[in-house]
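Structure at a glance
For reference, the chains in residue letters:
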Amino acid sequence: MAKRRLERERGRREAVADMSEDLSEGEKGDTVGDFLAHGESNRGRLPRISSVETMEAWASQQKERKWYIVLISLHGLIRGENMELGRDSDTGGQVKYVVELARALGSMPGVYRVDLLTRQVSSPEVDWSYGEPTEMLPPRNSEGLNEMGESSGAYLIRIPFGPRDKYIPKELLWPYLSEFVDGALSHIIQMSKVLGEQVGGGHPVWPVAIHGHYADAGDSAALLSGALNVPMLFTGHSLGRDKLEQLLRQGRLSRDEINSTYKIMRRIEAEEISLDASETVITSTRQEIEEQWRLYDGFDPILGRKLRARIRRNVSCYGRFMPRMAVIPPGMEFHHIVPHDGDMDGETEGNEDGKSPDPHIWGEIMHFFTNPRKPMILALARPDPKKNLTTLVKAFGECRPLQELANLTLIMGNRDDVDEMSSTNASVLLSILKLIDKYDLYGQVAYPKHHKQSDVPDIYRLAAKTKGVFINPAFIEPFGLTLIEAAAYGLPIVATRNGGPVDIHRVLDNGLLVDPHNQQSIADALLKLVADKQLWAKCRANGLKNIHLFSWPEHCKTYLTKIASCKPRQPRWLRNDDDDENSESDSPSDSLRDIQDISLNLKFSLDGDKNVGKENGDGSLDLDDRKSKLETAVLSWSRGVQKSTQKSGSTDKGDQNSGAGKFPALRRRKYMFVIAVDCGASTGLSESVKRIFDALEKEKAEGSIGFILATSFNMSELRSFLVSERLNPTDFDAFICNSGGDLYYSSLHSDENPFVVDLYYHSHIEYRWGGEGLRKTLVRWAASITDKKGDDKEHIVVEDEKNSADYCYSFKVCKPGVVPPVRELRKVMRIQALRCHVIYCQNGSKINVIPVLASRCQALRYLYLRWGMDLSKVVVFVGESGDTDYEGLLGGVHKSVILKGVCSGESSQLHANRSYPLTDVVAFDNPNLIQTSEDCSCAELRDSLEKLGVLKS
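Residues numbered from 1 in each chain as written. Predicted model: local features only at pLDDT ≥ 70, side-chain atom pairs only at ≥ 80, totals over all residues. Heavy atoms only, no water.

1. Details of the overall build of the protein chain
Put simply, the test is: Counting from the N terminus, the helices are DSSP H or I runs at least four residues long and the strands are E runs at least two residues long. Each residue's exposure class comes from its accessible area (1.4 Å probe, protein chains only) as a fraction of the maximum for that residue type: buried when under 20%, exposed when over 50%, partly exposed otherwise. Accessible areas in this description were obtained via Shrake-Rupley with a 1.4 Å probe; residue shielding takes into account the shown protein chains only.
Check the secondary structure of the protein chain and you find 33 helices and 30 strands. Counting across all 953 residues of the protein chain, residues that qualify as buried make up 61%. Surface exposure of the protein chain reaches about 37,900 Å², of which carbon and sulfur atoms provide 48%.

2. Re the side chain of S192
Here S192 lies in helix α5 (residues 177-199). Judged by its relative accessible area of 0%, S192 is buried.

3. Some points on the nonpolar core
Across soluble globular proteins, you tend to see nonpolar side chains buried next to one another. Inclusion rule: We define a nonpolar core as any set of buried Ala, Val, Leu, Ile, Met, Phe, Trp, Tyr and Cys residues linked to one another through side-chain atoms lying within 4.5 Å. Contacts: residue pairs with any heavy atoms within 4.5 Å of one another.
Counting residues in each nonpolar core, the largest one holds 128 residues, and the members touching the most others are I72, F180, I847 and L863. It is α5 that contributes the most residues to this core, 9 residues altogether. If we ignore the near neighbours within four places in the chain, the residues touching I847 are W781, V797, Y809, S810, F811, V813, L825, V838, I839 and Y840. Listed in part, the 40 residues of the second largest apolar core include F713, L718, V757 and V902.

4. Here's the deal with the confidence of the model for the protein chain
For clarity, the threshold we go by: Values of pLDDT, the confidence the predictor places in each residue, fall between 0 and 100.
The predicted model of the protein chain has a mean per-residue pLDDT of 82, with 81% of residues at 70 or higher. Note that residues 574-623 has pLDDT below 50 and, in this model, 137 contacts with residues that lie over four places away or in other chains. Between residues 629-662, whose pLDDT stays under 50, and residues either more than four places distant or in other chains, the model counts 37 contacts.

5. Side note on helix α6 (residues 214-228)
Note the threshold: Multiply 1.5 Å by the residue count of a helix minus one, and that product is the helix's expected span.
A rise of 1.5 Å per residue sets the reference length of α6, with its 15 residues, at 21 Å; its end C-alpha atoms lie 21 Å apart and thus fit the reference within 8%. Counting buried positions along α6 gives 14 out of 15 residues, so the element sits mostly inside the fold. Phi turns positive one or two residues past the end of α6, at N229, with a value near 60°.

6. Here's the deal with the environment of Y744
As for its position among the elements, Y744 is in strand β20 (residues 742-746). In this structure, the C-alpha to C-alpha distance between Y744 and F755, residues 11 residues apart in sequence, is 6.1 Å.

7. As for the sheet that holds strand β1 (residues 67-72)
This is how the line gets drawn: Strand pairing follows a simple DSSP-based rule, namely that at least 2 bridges must link the two strands. Helix axes are fitted to C-alpha atoms over the stretch in contact, other axes to C-alpha atoms as well, and angles between N-to-C directions run from 0 to 180 degrees.
Ordered in space as β3-β4-β2-β1-β5-β6-β7-β8, the 8 strands form an open sheet in which the pairing is mixed. Here the strands that pair on one side only, and so sit at the sheet edges, are β3 (134-136) and β8 (324-327). On average, adjacent strands in this sheet sit at an angle of 20° to one another, irrespective of strand direction. As defined by bridge partners, β1 adjoins strand β5 (residues 209-213) across 4 bridges and the pair is classed as parallel. Within the sheet, the bridge partner assigned to V70 lies in β5 and is I210. Relative to the sheet, α5 contacts β1, β2 (111-119), β4 (153-159) and β5, its axis offset from that of β2 by approximately 165°. Relative to the sheet, helix α21 (residues 552-564) contacts β1, β2, β5, β6 (232-235), β7 (280-283) and β8, its axis offset from that of β1 by approximately 105°.

8. Brief notes about the pairing of strand β13 (residues 493-496)
Heads up, the condition is: Think of it like this: strands point away, you trace from the first strand over the helix to the second, and a clockwise trace means the crossover is right-handed.
Examined bridge by bridge, strand β12 (residues 469-472) and β13 share 3 bridges and lie parallel to one another. Paired with I471 across the bridge in β13 is V494. Traced from β13 through helix α18 (residues 500-508) to strand β14 (residues 511-514), the parallel crossover comes out right-handed.

9. Here we look at the pairing of strand β25 (residues 809-813)
For a regular strand, side chains alternate in direction, first toward one face of the sheet and then toward the other. With 4 of 5 residues buried, β25 lies mostly within the body of the structure. Taken together, the 4 bridges between β25 and strand β27 (residues 846-851) define a ladder with antiparallel strand orientation. In the strand pairing of β27, F811 is matched with I847.

10. Focus on unusual backbone geometry
Even without glycine at this site, D440 takes up a positive phi of about 55°. Position of D440 relative to the elements: it lies in the loop between α15 (423-438) and β11 (445-446). Classification of D440 by relative accessible area gives exposed; the value is 52%. Despite not being glycine, K467 has its phi angle at roughly 60°, a positive value. Mapped onto the elements of the fold, K467 is located in the loop between α16 (456-465) and β12.

11. Considerations on the side chain of N472
The condition is simple: As used in this structure description, the phrase polar contact means that two N or O atoms lie within 3.5 Å; if the pair is within protein, one of them must be able to donate a hydrogen and the other to accept it, and residues adjacent in sequence are counted only when both atoms belong to side chains.
Mapping N472 onto the fold places it in strand β12. Here N472 falls in the buried class, since its relative accessible area comes to 8%. At 3.1 Å, the side chain of N472 forms a polar contact with the backbone nitrogen of A474. Once you skip the residues sitting within four places of it in the chain, N472 turns out to touch E477, T482, L483, V494, A495 and T496.

12. Examining the environment of D935
Tracing the chain through its elements places D935 in the loop between β30 (929-931) and α33 (938-947). When the C-alpha positions of D935 and V902 are compared, they lie 7.6 Å apart, and in sequence the two are 33 residues distant. Leaving out residues up to four positions away in the same chain, D935 has contacts with R691 and K900.

13. Examining the packing of helix α13 (residues 389-397) against helix α19 (residues 519-531)
As a reminder of what qualifies: Whether a crossing is left-handed or right-handed is set by the direction in which the near helix is turned from the far one by less than a right angle, anticlockwise for left-handed and clockwise for right-handed.
Contact geometry for α13 and α19: axes closest at 9 Å, N-to-C directions at 65°. α19 is crossed by α13, and the crossing has right-handed handedness. From α13, T391, L392, K394 and A395 reach across to α19, where they touch Q519, I522, A523 and L526.

14. Quick word on the packing of helix α4 (residues 93-105) against α21
Rules: Orientation is classified from the angle alone, with under 35 degrees giving roughly parallel, over 145 giving roughly antiparallel, 65 to 115 giving roughly perpendicular, and any other angle giving oblique. Amino acids outside the nonpolar list (Ala, Val, Leu, Ile, Met, Phe, Trp, Tyr, Cys, Pro) and the charged list (Asp, Glu, Lys, Arg) are all regarded as polar, and Gly is one of them.
Following both chains from N to C, one finds α4 and α21 inclined at 80°, their axes separated by 10 Å at the closest point. Between α4 and α21, the angle falls in the class roughly perpendicular. Note on element contacts: α21 touches α4 through W552, H555, C556, Y559 and L560, opposite Y97, E100, L101, A104 and L105. Within the contact of α4 with α21, the residues separate by chemical class into 8 nonpolar, 1 polar and 1 charged.

15. Comments concerning helix α31 (residues 856-867)
Taking 1.5 Å of rise per residue, 12 residues should cover 16 Å, and α31 covers 16 Å from first to last C-alpha, within 8% of that figure. Buried residues dominate α31, accounting for 12 of its 12 residues. Inspection of α31 places R856, C857, Q858, A859, L860, R861, Y862, L863, Y864, L865, R866 and W867 among the buried residues, and these make up the whole buried set. Among the residues of α31, the N-terminal cap falls to S855, whose side-chain oxygen and the backbone nitrogen of C857 are separated by 3.4 Å.

16. Side note on the environment of Y862
Along the chain, the position of Y862 falls in helix α31. With relative accessibility at 1%, the residue Y862 sits in the buried group. Each C-alpha atom, one on Y862 and one on L743, is 9.9 Å from the other, the two residues being 119 residues apart in sequence. With near-sequence residues (within four places) excluded, Y862 lies in contact with W573, L743, Y745, D758, Y760, Y761, H764 and W867.

17. Remarks on the sheet that holds strand β19 (residues 734-737)
A sheet is described by the order of its strands in space; here 8 strands give the open sequence β21-β20-β19-β18-β17-β28-β29-β30, paired in mixed fashion. Each edge of the sheet is formed by a strand with only one pairing partner; in this case those strands are β21 (755-757) and β30. For this sheet, the mean inter-axis angle between neighbouring strands, taken without regard to orientation, is 20°. Relative to β19, strand β18 (residues 705-710) runs parallel, the two sharing 3 bridges.

18. Some details on the pattern of salt bridges
Test applied: A pairing counts as a salt bridge when a side-chain nitrogen of Lys or Arg comes within 4 Å of a carboxyl oxygen of Asp or Glu.
Inspection of the entire model under this criterion finds 40 salt bridges. Where E179 meets R164, a salt bridge forms, and the shortest distance between an N and an O atom there is 2.8 Å. Here E179, found in helix α5, pairs with R164, found in the loop between β4 and α5; they are 15 residues apart in sequence, far enough to count as distant. With a relative accessible area of 12%, E179 lands in the buried category. For E271, the salt bridge is made with R267, and the minimal N-O distance between the two is 3.4 Å. In this pair, E271 and R267 are both assigned in helix α9 (residues 264-277), 4 residues apart and thus about one turn of the helix distant. An identical accessibility class is assigned to E271 and R267; each is buried. Here the salt bridges do not stand alone but share partners, grouping R79, E84, R87, D88 and D127 into one network.

What follows is the structure, encoded as structure tokens:
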């Protein structure tokens, strides 16, 4: 922690030094409180909607909007009704929260459709409903129904990814996230077209935001946000760095054991990526910001405050960005809740005098108690160590006065057999049973085996009927949804002072906060509330009076306001609705429309002018002037092409029939083969290209397949490679260069320069690109990396200005064995609020730094979005190892072929750069991935492709 603090202070000093010439008084505050207060001055009083009239006035302003919102929550078992909360550690409060959030948003004015994306689970060990592809989430309150359209409302969309017949825990989902991203991308594109026909005037309706919940969904949301160029939101729910520090403090597991069990380092990196990509991070409490998010390299509240001050003054931030933190307390549906006013003495039998019988769950609980009339202390949590239930039982067992005044009820999920529970949950449950026996608490503690989600309201009502107390003793509670529920039923609360309960208590003032580690503190608070009837009544009244502040409509209003404050982004090219994606026509007009539609794809100099745009106040490049000039140039160019095409007339028909007139050619290929072999020497790449071409010679001649070269080369290096190996540029349909920083297409329209750059790809990936401010910081970092030999200092990393481009800064590595790992450079950039994707390539001899959401794999998704290239019809060839973005090429719905013996051992040092093993993120048992034999022949390569179903035998 001390080391992290020093690194942060150094990074902050360097960042401030870059911006020091125009600091103002508004930028000099140094406290977290100052930062948090910015724009949130009345947070403690929750200054949100306070009346029906205000809500109606706000709603009338939103009616013209037709928003499409995408939420993502991947792990656990998610369905709209009869949620199996507590079934396992993955199916808890987050599941309920995201379902209710989607349902509530779907009823809000201005929101046309909400999709909650999760995993489709078709396994015999779970209910069949989790395998249904789509489930509608109808609103709870019909009075709040919006104008309904054909596809409007909230939906649960289940995307298949991972093992088809297994329900697996979240720690094992990481290798399959790319598959989810591809499936989700396909759904969103299709839905955007459908909504465009319904409410978009024929133009696609893209999501206004993609919101990831938890680290796995945050990682996926970042990739989707980058692929679609739409804003991203993130909610952590619980955070990896905080969990890691707690586990290390407990001392039961070593760091390696923690990582092996929880995949914690991959989770932390996903959370850092989420910070890099998010416009807004939504938390439920200030404590989460002050004590948890500030542990991350990518978030510094003090630096964030300085950046916001500069943005307000329209002063350059030199390429630095910090996501905005927004505290929005969780919401709840209250319309069906009626607080219980009776008590056990006045209403002993529920079925007397014609009243309805008592709920079944009451009997399941009451039969545990010798004296069921005593006030009930209710805890509702799964048997997880972090829920701290054992400390609660100890506190109850060692406080005789508390035992005399109250009973204890533990609702700990559902179980059939302790032996079938996870080892962690079973251990906690057995510890509790031993404590009950140790303190002889039989007849005073209830722990029913089963309950339905629909029973939970009845459990709260029973506790309120006995004038009981609700307790949440967790070590840390991110949200505190159960506390809000309990308050709505009129129950005073005792809760941990860590996390969400602090903010909830500040608003409701309906109970006591305790140190979860202090057993005596827990017992004293419970005894005080149970024994003091006046205090109990006051806490109950306070909770009921203020509970409306946590309603879903108010939560959603604040939520939608945060989305509205995000800078709108979406794919920026104009696709013609009459584009003949399924047409066989190859007329000159088709070719011309494609050329004009390529969106400013001008034949300009290979390397381009670096950083020709000015910086805006937020550090982004102002490309308006450049764009205007390019538009003028490309229009005149396309008019010239049109004239020449018209003059040629029928003389071009032979080329058209062969498909040469169509641009880009990849749109009409049956399969696309991507060569992404990362050999240190070009000879290895050359051999791989020739072997793949030879193996596919027949299909290549027919024109049914196409090729893409994905490499770390810049265009100059690529051109030299093609010339030296006597390869024709038209052998490839596209070139992904600079590790994903540039995208070119081959063109037959010019012998002088057969490459056409996709400039809309640049606008697609430029989000948070730091420009010159980033370059200067990278140069300063490179100068600090030296190899000391006696009195001499030899530079290890030097800027390669000649080979850099607008969206790729390149550096030469003079001594690959001495350079710091890639994770260290990423850390340095994040600490300074510079968002970028650092890639060590060419066997560690080169470093490419490109926009944060750009990569070779993301470029393939762009081609799918832009030109309809079916990702399931893509085959990616890689070596045994590769550049540090290698792992991204091995997942997804595309096929992957690992060429054994190619790049073997070359990049082992690069793979050691990551903070987690490759097996944590790549599923080598994936049926879409195959490994050839070493130095395989063309026939063996064809055989591998036949096994993947790409070629027919």
